[in-house]
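The residues making up each chain are set out below.
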Amino acid sequence: MKNKTNFSIKHMWKITNPSKRQFSLGLVFSIISGILTLLIPLLIKDIMDSFSTGLSFKTISLAVSFLILEVIFSAMSLYLLSKVGEGVVKKLRVKLWSKFLKLPVKFYDDNKSGEMVSRITSDTTAIVDIISNEIVNLITSGITVVLALIFLFILDVPMTLVLILVTPITLFVIIPLGVKVYELSFQEQSKMSKLTAYLSQTLSEIKLIKSYNTEVKETNVGLNHFNFLYKNGIKRAKINSLLTPILGTFTTIVLIGVIGFGAWRVDQGLISSGELVAFLLYLFQIITPFVQMNHFLTSLQEAKGSMKRIFEILDEKEEEKIVSEGYIGSPTQLEFRDVSFEYKDERNIIKNISFKIKKGSLTAIIGPSGAGKSTIFSLIERFYDPTSGDILLDGVSYKNINIEDWRQKFSYVSQDTPIFSGTIKDNILYGQTHDIKDDYLIEIAQLAHIHEFIIGLPDGYNTEVGERGNLLSGGQKQRIAIARALMRKSYFLLLDEATASLDSQSEKKIQKAIHSLINKQTTFIIAHRLSTVINADQIIVLDNGEITGIGTHDELLNNHVYYKIVIKQQFEKESTFIN
Ligand SMILES: Nc1ncnc2c1ncn2[C@@H]1O[C@H](COP(=O)(O)OP(=O)(O)OP(=O)(O)O)[C@@H](O)[C@H]1O
């Protein structure tokens, strides 16, 4: 990720574009409420000074009306400004979420998905607080302080000067401590997102933890995270424990000083007792924001850290979606032309490979583990771009075809069969943009040899499959994935044949399901079974990222020595076929 990212509140304002009308109205209401609050002490002064001459009903009713109006304006202002805050955060969440979905697969190779989740959850929450509460408080407090100071000057210049002289002293203490709080909050939030990632990943692999008896080890890993957060929390507590009494003592000293000095001035007949009371009320209005400043600074620094992390994501480069120049309707050929590829460590995983896959054919790819077979599929799916060379559909380079348009031409059934929580039906229909009739859904499920199983369940197609399909067996998940691929009606099928040992019944069903797929579309298969290889029109032998042979089973058996060895290694049980 980039180190330098513009993350000011102004920048956030620009990209989330909140309602200026609501914000200005909220601000105006806040100013009106502030002015009303400030007028009340003046009326109280009049009421107090008129004790001897008789109370004025008019002044009292004016003071009461001001109080009521102050509540109304303050409530309206708070509501409007909070609405603006919530709106900003919603827009940030939407932007982040759509950004995450547009970022290339490579981004997720380098960043943990769990950590990314906390960008949308906790980081945006820190921003809600600053916009909905803290900025509103800052603006209203700022206005109140300025206006209160003006009133104080009007009431009594010498007393105001005394007050102004003592105030900056606190800032010398608050600001450096605030900076320290920022550093601690930043570290805490980074750690918190790492913790979120760790916790979610660990809990999702709970079976592995139990089988390997690693509960104690994982408890200790968690403990390290919690210890760090604890130490950070303690450091923060130390600063806060220092700040709170300092501010409290400061408030008391100022109050004692002002009251003492004021009482002397009343005694001297320089100000009235009503004026002293009004002065004290203004003083409270000035002191409150100063006392809250500690909280404000902490929240501001937290929000800054969150904004920095959010804008780092928003500045990331998205997958390029070229507007379709060479639109391909129904492609008839996929071609790899001198393709090389490395992930990131300058290690060539795919080395200058070329091959063609023609419409209606079955191509099998074989090779030892780590040879680069899945990487070829990732390149076809355009999860990554080749480092050099070209991939073409009907002679048109991938560079000139819109990525969505390109991907629509392929269905990928991977070995790890991704299944979402939701119903079986949701999973089979995933990615369909049109309504699918139940009859057709059943037809597809029958082709995938999963219909019988589904109707045997109490809720049939509406059965919930649990997180990542936990409630299904490996074979069932795979057949659901095959049904999903059949539903997609793409032009090329990319199939990673399962290596997992399944019982023979399951295996037969999967084989039948796979054959339904193969017969329907052009198929490129990472083969692990001899029967698949023998039936292929073309077999690609891949070794260490290089193609060492292409041909039919018979051709390769005759002229590719290494093919025999690979076949033997991969299909030990079935090796009698080729000897
Ligand atoms: N995201 C990645 N980042 C970096 N290196 C990777 C990544 N994915 C795979 N590799 C490396 O690329 C090489 C080829 O991996 P690939 O998964 O394509 O092999 P494969 O032939 O499909 O293996 P298998 O049959 O075991 O699935 C391996 O050395 C692997 O470590």
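Residues numbered from 1 in each chain as written. Predicted model: local features only at pLDDT ≥ 70, side-chain atom pairs only at ≥ 80, totals over all residues.

This part covers the overall build of the protein chain. For the protein chain, the helix and strand inventory stands at 19 helices and 10 strands. Per-residue burial for the protein chain yields a buried fraction of 30% across its 579 residues. (Helix = DSSP H or I, 4+ residues; strand = E, 2+ residues; numbered from the N terminus. Buried ≥ 20, exposed ≤ 12 C-beta atoms within 10 Å, placed from the backbone.)

This part takes up the nonpolar core. Grouped together as the largest cluster of nonpolar side chains are 64 residues, with contacts concentrated most on Ala 364, Ile 444, Ala 483 and Leu 494. Among the elements that line this core, the one with the most residues is helix 15 (residues 474-488), at seven residues. Residues lining this core come from more than one domain, with at least three contributed by each of domain 2 (343-409 + 492-579) and domain 3 (418-489). Residue contacts for Ile 444: discarding those within four places in its chain leaves Ile 428, Ala 483, Leu 486 and Met 487. (Core = buried A, V, L, I, M, F, W, Y, C linked by C-beta atoms within 7 Å. Domains from an automatic or database assignment. Contact = placed C-beta atoms within 7 Å.)

For the rest of this paragraph, the subject is the UniProt feature "transmembrane region" (unreviewed entry) in the protein chain. The residues that UniProt annotates with the feature "transmembrane region" (unreviewed entry) are residues 21-40, 60-81, 135-155, 161-182, 242-264 and 276-297. Structurally, residues 135-155 comprises 100% helix and 0% strand, and the distance from its first C-alpha atom to its last is 30 Å. Between the C-alpha atoms that bound residues 242-264 there is a distance of 33 Å. The span itself is 100% helix and 0% strand. (UniProt positions renumbered as here; feature names shortened; annotations may be inferred.)

Now for the sheet that holds strand 9 (residues 538-543). Across the sheet, which stays open at both edges, the six strands sit in the order 6-7-8-3-9-10 with mixed pairing between neighbours. Since the sheet does not close on itself, it has two edges, and those belong to strand 6 (410-413) and strand 10 (546-551), each with one partner. Averaged over all pairs of adjacent strands, the angle between strand axes in this sheet comes to 15°, irrespective of strand direction. On top of the sheet, helix 10 (residues 373-380) reaches strand 3 (362-366), strand 6, strand 7 (492-496), strand 8 (522-526) and strand 9; it is set at about 150° to strand 7, its chief contact. (Pairing = 2+ DSSP bridges. Axes fitted to C-alpha atoms, helices over the stretch in contact; angles between N-to-C directions.)

Leu 441, Ile 444, Ala 445 and Leu 447 are the residues of helix 13 (residues 438-447) that are buried. For helix 13, the buried positions fall inside an angular range of 155° around the axis, keeping them on one side. The exposed residues of helix 13 that point more than 90 degrees off its buried face are Asp 438 and Asp 439. Where helix 13 terminates, the next one or two residues include His 449, which has phi positive at roughly 55°. (Arc of directions from axis to C-beta.)

All right, on to the site of the ligand then. As a matter of local geometry, the ligand sits amid Asp 109, Tyr 343, Ile 349, Gly 367, Ser 369, Gly 370, Ala 371, Gly 372, Lys 373, Ser 374 and Thr 375. Per-element tally for the shell around the ligand: the top contributor is helix 10, with three residues. Tallied by class, the residues present in the shell around the ligand amount to three nonpolar, six polar and two charged. (Near = placed C-beta within 6 Å. Nonpolar A, V, L, I, M, F, W, Y, C, P; charged D, E, K, R; others polar.)

Let us now look at the packing of helix 13 against helix 15. Contact pair helix 13 / helix 15: the axes reach a minimum separation of 9 Å and the direction vectors enclose 125°. Regarding the angle of helix 13 to helix 15, the classification is oblique. Between helix 13 and helix 15 lies a crossing of right-handed hand. Judged by residue contacts, Ile 444, Ala 445 and Leu 447 of helix 13 engage Ala 483, Leu 486 and Met 487 from helix 15. Residue classes in the contact of helix 13 with helix 15 are distributed as six nonpolar, no polar and no charged. (Parallel < 35°, antiparallel > 145°, perpendicular 65-115°, else oblique. Left-handed = near helix turned anticlockwise from the far one by under 90°.)

When pLDDT is low, close inspection of the predicted coordinates is not appropriate. Across the protein chain, the average pLDDT comes to 82, with 89% of residues at or above 70. Between residues 1-6, whose pLDDT stays under 50, and residues either more than four places distant or in other chains, the model counts nine contacts. Throughout residues 575-579 the model reports pLDDT below 50, and contacts reaching past four residues in sequence, or to other chains, amount to five contacts. (pLDDT = per-residue confidence, 0-100.)

Bringing the sheet that holds strand 1 (residues 333-342) into the picture now. Strands sit in the order 2-1-4-5 across an open sheet of four strands; the sheet is antiparallel. Lying at the two open borders of the sheet, with one neighbouring strand each, are strand 2 (348-358) and strand 5 (396-397). Where strand 4 (residues 388-393) lies against strand 5, two bridges are found, and the strand directions are antiparallel. Bridged to Leu 392 within strand 5 is Ser 397.

It is worth spelling out the environment of Gln 476 at this point. Structurally, the position occupied by Gln 476 is in helix 15. When the C-alpha atoms of Gln 476 and Ile 450 are compared, they prove to be 7.1 Å apart, with 26 residues separating the residues in sequence. Apart from residues no more than four positions distant in its own chain, Gln 476 is found in contact with Ile 450 and Phe 453.

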